[in-house]
Amino acid sequence: HSYTSFVIESFIDELAAAAGEDPAVFRKRHLAALPRHRGVLERVLEKSGWYSQPDVGHFRGLAIQKAFGTVVAQVAEVSIAGDRTIRVHKVTCAVDCGTAINPDVVRQQLEGGILFGLSAALYGEISLEDGAVIESNFHDYRLLRLADAPAIDAYIVPSVAAPSGVGEPGVPPIAPAVANAVFAATGQRLRTLPL
């Protein structure tokens, strides 16, 4: 789901831009027949303040993915430094995982998935030299650190559907949400990972 979501959700954002539409409006129109998708989309737009102006120098990107029976939408708010470094300040997430048996665990799993996905999206690269991996351990393989972690708000959309997965579905939308925010900031499409 992760790299497929990156491709699909980046392309949907690109289609919205080509159509001259807001990415959220474009998605709403194309998700009319998918009530669970629309539900998480509407919740994440409301809770992220999508239609309000972000702080100066901040830009938002959006992505949605269904994985393991669960639908997740995320809005990433980013800024771009002078050296083109991407800083993710906030992630707002909405999920329809069916009946949430333990809402605290659902939110914790989404937070962990977002942080794991951000590590992969921003830094997750293995380098090869003469057929051997250069990185040998975590001292030279960068992961997201606490100082780089964004604020995360996770919201559960009430559902009467059967419970579905929450361990992995928080991961796929974060890379395209960040890449789509970078496009909003710079007009440049990032089509390879890590960003």
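Residues numbered from 1 in each chain as written. Predicted model: local features only at pLDDT ≥ 70, side-chain atom pairs only at ≥ 80, totals over all residues. Heavy atoms only, no water.

Engineer: Could you give me a rundown of the overall build of the protein chain, with the residues and numbers involved?
Structural biologist: Helix and strand counts for the protein chain come out as five helices and six strands. Going from N to C terminus, the protein chain has its helices and strands arranged as α-α-α-β-β-β-α-β-β-β-α. Computed over its C-alpha atoms, the radius of gyration of the protein chain comes to 17 Å, within 12% of the 16 Å expected for a compact globule of 195 residues. Taken along the three principal axes of its C-alpha coordinates, the protein chain extends 55 × 40 × 30 Å. Within the protein chain, the proportion of its 195 residues that are buried is 42%. Partitioning the intrachain contacts of the protein chain with sequence separation of at least 6 by distance along the chain shows that 65% fall at a separation of at least 24. Here the protein chain displays about 9,900 Å² of accessible surface, and carbon together with sulfur accounts for 56% of that area. (Helix = DSSP H or I, 4+ residues; strand = E, 2+ residues; numbered from the N terminus. Rg over C-alpha atoms; globule rule 2.2 N^0.38 Å. Buried < 20%, exposed > 50% of the residue type's maximum accessible area, 1.4 Å probe, protein only. Contact = heavy atoms within 4.5 Å. Areas by Shrake-Rupley, 256 points an atom, 1.4 Å probe, with all protein chains shown as cover.)

Engineer: Run through the pairing of strand β2 (residues 70-80), naming residues and quoting values.
Structural biologist: Counting buried residues along β2, 10 of its 11 residues qualify, which places the element largely inside the surrounding structure. In this sheet, β2 lies alongside strand β1 (residues 59-67) in antiparallel orientation, the contact comprising nine bridges. Looking at β2, one finds that Ala-67 is bridged to Thr-70. Between the antiparallel neighbours β1 and β2 lie two residues, among them Phe-68 with a positive phi of about 55 degrees. As paired strands, β2 and strand β3 (residues 86-96) are joined by 10 bridges and run antiparallel to one another. Directly across from Gln-74, in β3, lies its bridge partner Cys-93. Hairpin connection, β2 to β3: the antiparallel pair is bridged by five residues, and Arg-84 has positive phi, about 75 degrees. (Pairing = 2+ DSSP bridges.)

Engineer: Please give an account of the nonpolar core that cites residues and values.
Structural biologist: Counting 27 residues, the largest nonpolar core has Ile-86, Val-88, Leu-118, Leu-122 and Val-178 as the members making the most contacts within it. Breaking this core down by element, the ones donating at least two residues are β2, β3, α4 (103-123), β6 (151-156) and α5 (174-186). A per-element tally of this core places α4 first, with six residues. Excluding its chain neighbours within four sequence positions, the residues that come into contact with Leu-118 are Val-88, Tyr-123, Leu-144, Pro-150, Ile-174 and Val-178. Of all hydrophobic cores here, the second largest spans 14 residues; its members include Ala-24, Val-40, Trp-50 and Ile-64. (Core = buried A, V, L, I, M, F, W, Y, C linked by side-chain atoms within 4.5 Å.)

Engineer: Talk me through the sheet that holds β1; I want residue IDs and the actual numbers.
Structural biologist: One open sheet holds the four strands; their spatial order is β1-β2-β3-β6, and the pairing between them is mixed. Edge positions in the open sheet fall to β1 and β6, since each of these has one partner strand only. Ignoring which end each strand starts from, the neighbouring axes of this sheet average 15 degrees apart. Contacting β1, β2, β3 and β6, helix α3 (residues 35-48) crosses the sheet at an angle of about 30 degrees to β2. (Axes fitted to C-alpha atoms, helices over the stretch in contact; angles between N-to-C directions.)

Engineer: Give a detailed account of the packing of aromatic side chains, specifying residues and quantitative values.
Structural biologist: For the coordinates displayed, the defined rule picks out zero aromatic pairs. Lying over the aromatic face of Phe-183, Arg-189 brings its terminal NZ or CZ to 3.6 Å of the ring centre. (Phe/Tyr/Trp six-rings, centres within 6.5 Å; stacked < 30°, edge-to-face > 60°. Lys NZ or Arg CZ within 6 Å of the ring centre and 35° of its normal.)

Engineer: Please provide a residue-by-residue account of the environment of Ile-64, values included.
Structural biologist: Residue position: Ile-64 is located in strand β1. Once you skip the residues sitting within four places of it in the chain, Ile-64 turns out to touch Ser-5, Glu-9, Arg-27, Leu-31, His-37, Val-40, Leu-41, Val-71, Val-72 and Ala-73.

Engineer: Account for the packing of α4 against α5, with residues named and values stated.
Structural biologist: For the pair α4 and α5, the least separation of the axes is 8 Å and the interaxial angle reads 55 degrees. In terms of their interaxial angle, α4 and α5 are classed as oblique. As for the relative orientation of α4 and α5, their crossing is right-handed in sense. Listed contacts from α5 to Ile-114, Gly-117, Leu-118, Ala-121 and Leu-122 of α4 are Ile-174, Ala-175 and Val-178. Grouping the amino acids of the contact of α4 with α5 by side-chain chemistry returns seven nonpolar, one polar and no charged. (Parallel < 35°, antiparallel > 145°, perpendicular 65-115°, else oblique. Left-handed = near helix turned anticlockwise from the far one by under 90°. Nonpolar A, V, L, I, M, F, W, Y, C, P; charged D, E, K, R; others polar.)

Engineer: Go over a nonpolar patch on the surface with me, naming the residues and quoting the values.
Structural biologist: A cluster of nonpolar side chains, contributed by Ile-126, Leu-128 and Val-133, occupies part of the molecular surface with about 300 Å² of accessible area. Considering the arrangement of structural elements, one finds Val-133 in strand β5 (residues 132-133). Judged by relative accessible area, which is 47%, Val-133 ranks as partly exposed. (Patch = residues over 30% accessible without salt bridge, like charges linked within 9 Å, V, L, I, M, F, W, Y side chains within 5 Å. Salt bridge = Lys/Arg side-chain N within 4 Å of Asp/Glu carboxyl O.)

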